[in-house]
Amino acid sequence: MRCLNCHTEYEGHYCPECGQSAKTSRFTVKSALSNTLDVWGMGSRSLPRTIWHLLIRPGQMIGDYLDGKRMPYFPPVKMLFVLCVFYALITSFGHILTGEPAGGNHMEETTQIAEALSERGKDKPLFDFGIGKVSVEGAAQGLSQTLDWFYGHKPVTLLCLHLLVTLSTWCVFRRAPKRPHTTLAENFFIQVLISSQLMVLSLLYILVFGEQDGAFFYPLPGWLLLGLFIWDFKYLFGYSWPKTVGLTLLTHLSVLLLFILLCTLFFALLSLALVPSAVG
Ligand SMILES: [Zn+2]
């Protein structure tokens, strides 16, 4: 055989240099069809099969993937993006049916949050970092615009959230009996796969119960989210059930602390951006 891609001479079904199949030929209706279906993966690598494993044995499947069983499963990051596209399609279809606008403006609720944070009233600054002051309205507007942007970019929002969880699981589960010393990169893949699992369940949830208002990350109830994390971590890291519950709560607590830290940073940057004259 002579490879049509890199012109290597070889024997067998695949080119040893670039991996192109020996069956590569001119496009036909059949190959065009299979190329189109390839978005969902083929055979054992298919998306439905990977999702099925994520639903019935998530912890074990994620463990398999980390241990090197990569070929049987659909690539995780690709899967998360396909699921997010699916989610956006279904929710926007729901909005067309009900006639409600998608996304929505968060101005009202964020003004309430900002006002609640500031007991000193509307005219006084909400935050004063010495370099500039943030008014209640300014903070609410900045927060509202930021929230609207994240609301419209769900994959980015989910990745940002799970990057925070990546950091905290990496710290909290360092001494796990089943998988000690997982790397940051491995924890990133754990979170991408957990996010895919939660996206699939969210899709099923909104198909049954309809879309919940203000579902920023996942529309699933909090107790279910926590339960799923506990289930995943139990089979992934191999701690006892009570210890897994404790460490999962610790993980979420540290995510909350990280989030508060980032929000403080956000307001500090906002105060710089909003009142440039105060610097001079
Ligand atoms: Zn080749």
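Please refer to the structure placed before this passage.
Residues numbered from 1 in each chain as written. Predicted model: local features only at pLDDT ≥ 70, side-chain atom pairs only at ≥ 80, totals over all residues.

Undergrad: Quick rundown of the overall build of the protein chain? Include the residues and the values.
TA: Scanning the protein chain from terminus to terminus reveals 10 helices and 2 strands. For the protein chain, the α and β elements follow one another from N to C terminus as α-α-α-α-α-β-β-α-α-α-α-α. Sequence-distant contacts, at least 24 apart, represent 63% of the contacts inside the protein chain between residues at least 6 apart. (Helix = DSSP H or I, 4+ residues; strand = E, 2+ residues; numbered from the N terminus. Contact = placed C-beta atoms within 7 Å.)

Undergrad: Would you mind going over the environment of Met 199 in detail, with residue names and values included?
TA: Within the secondary structure, Met 199 is located in helix H8 (residues 184-209). Remark: the alpha-carbon pair of Met 199 and Leu 158, spanning 41 residues in sequence, is separated by 9.6 Å. In this view, Met 199 contacts Leu 80, Leu 83, Cys 84 and Tyr 87; residues no more than four positions away in its chain are not counted.

Undergrad: With reference to specific residues and values, describe helix H7 (residues 154-172).
TA: With 19 residues, H7 ought to run about 27 Å at 1.5 Å a step, and its terminal C-alpha atoms sit 27 Å apart, in line with that. By the burial criterion, the buried members of H7 are Leu 158, His 162, Val 165, Thr 166, Thr 169, Trp 170 and Val 172. Viewed along the axis of H7, the buried residues span an arc of 145 degrees, placing them on a single side of the element. (Expected span 1.5 Å × (residues − 1). Buried ≥ 20, exposed ≤ 12 C-beta atoms within 10 Å, placed from the backbone. Arc of directions from axis to C-beta.)

Undergrad: So, the packing of H7 against H8: which residues are in play, and what are the values?
TA: The contact between H7 and H8 brings their axes to 9 Å, and the two run at 130 degrees. As the angle between them shows, H7 and H8 are arranged oblique. When you trace H7 past H8, the crossing you get is right-handed. Here Leu 158, His 162, Val 165, Thr 166, Thr 169 and Trp 170 of H7 come into contact with H8, specifically with Leu 184, Asn 187, Phe 188, Ile 190, Gln 191, Val 192 and Ser 195. Looking at the contact of H7 with H8 residue by residue, the classes come out as 7 nonpolar, 6 polar and no charged. (Axes fitted to C-alpha atoms, helices over the stretch in contact; angles between N-to-C directions. Parallel < 35°, antiparallel > 145°, perpendicular 65-115°, else oblique. Left-handed = near helix turned anticlockwise from the far one by under 90°. Nonpolar A, V, L, I, M, F, W, Y, C, P; charged D, E, K, R; others polar.)

Undergrad: Provide a residue-level description of the packing of helix H3 (residues 58-66) against helix H9 (residues 222-237), including the pertinent values.
TA: Interaxial distance between H3 and H9 falls to 7 Å at its minimum, and their mutual angle equals 45 degrees. Relative to H9, the element H3 is oriented oblique. For the pair H3 and H9, the sense of crossing is right-handed. Residue-level inspection shows Pro 58, Gly 59, Gln 60, Ile 62 and Gly 63 of H3 in contact with H9, the latter providing Trp 231, Asp 232, Lys 234, Tyr 235 and Leu 236. Class assignment for the residues of the contact of H3 with H9 results in 5 nonpolar, 3 polar and 2 charged.

Undergrad: Got a sec to walk through the nonpolar core? Specific residues and values, please.
TA: Among soluble globular proteins, nonpolar side chains are generally buried collectively. In terms of nonpolar packing, the biggest core is built from 27 residues, with Ile 62, Leu 80, Leu 83, Leu 193 and Met 199 touching the most fellow members. Put simply, the parts of the chain that give this core at least two residues each are helix H2 (47-56), H3, helix H4 (76-98), H8 and H9. Per-element accounting of this core gives the leading share, 7 residues, to H8. (Core = buried A, V, L, I, M, F, W, Y, C linked by C-beta atoms within 7 Å.)

Undergrad: Please provide a residue-by-residue account of H8, values included.
TA: The end-to-end C-alpha distance of H8, which contains 26 residues, comes to 36 Å, matching closely the 38 Å that a straight helix rising 1.5 Å per residue would cover. Of the residues flanking the end of H8, it is Gly 210, one or two places downstream, whose phi is positive at about 80 degrees.

Undergrad: Outline unusual backbone geometry, listing residues and values.
TA: Residues other than glycine predominantly adopt negative phi, and peptide bonds predominantly adopt the trans conformation. In this model, His 7 sits at a positive phi of 65 degrees, which is unusual for a non-glycine residue. C-beta crowding within 10 Å serves as the criterion here: with 10 such atoms nearby, His 7 is assigned to the exposed category. Residues other than glycine seldom take positive phi values, yet His 181 does so here, at roughly 55 degrees. You can call His 181 exposed: it has 10 C-beta atoms within 10 Å.

Undergrad: I'd like a rundown of the environment of Tyr 239, residues and numbers included.
TA: Relative to the helices and strands, Tyr 239 resides in the loop between H9 and helix H10 (241-274). Owing to 19 C-beta atoms within 10 Å, Tyr 239 belongs among the partly exposed residues under this scheme. Spatially, the C-alpha atom of Tyr 239 lies 6.6 Å from that of Ala 176, the residues being 63 residues apart in sequence. Setting aside residues no more than four positions away along its own chain, Tyr 239 makes contact with Ala 176, Pro 177, Lys 234, Thr 244 and Leu 247.

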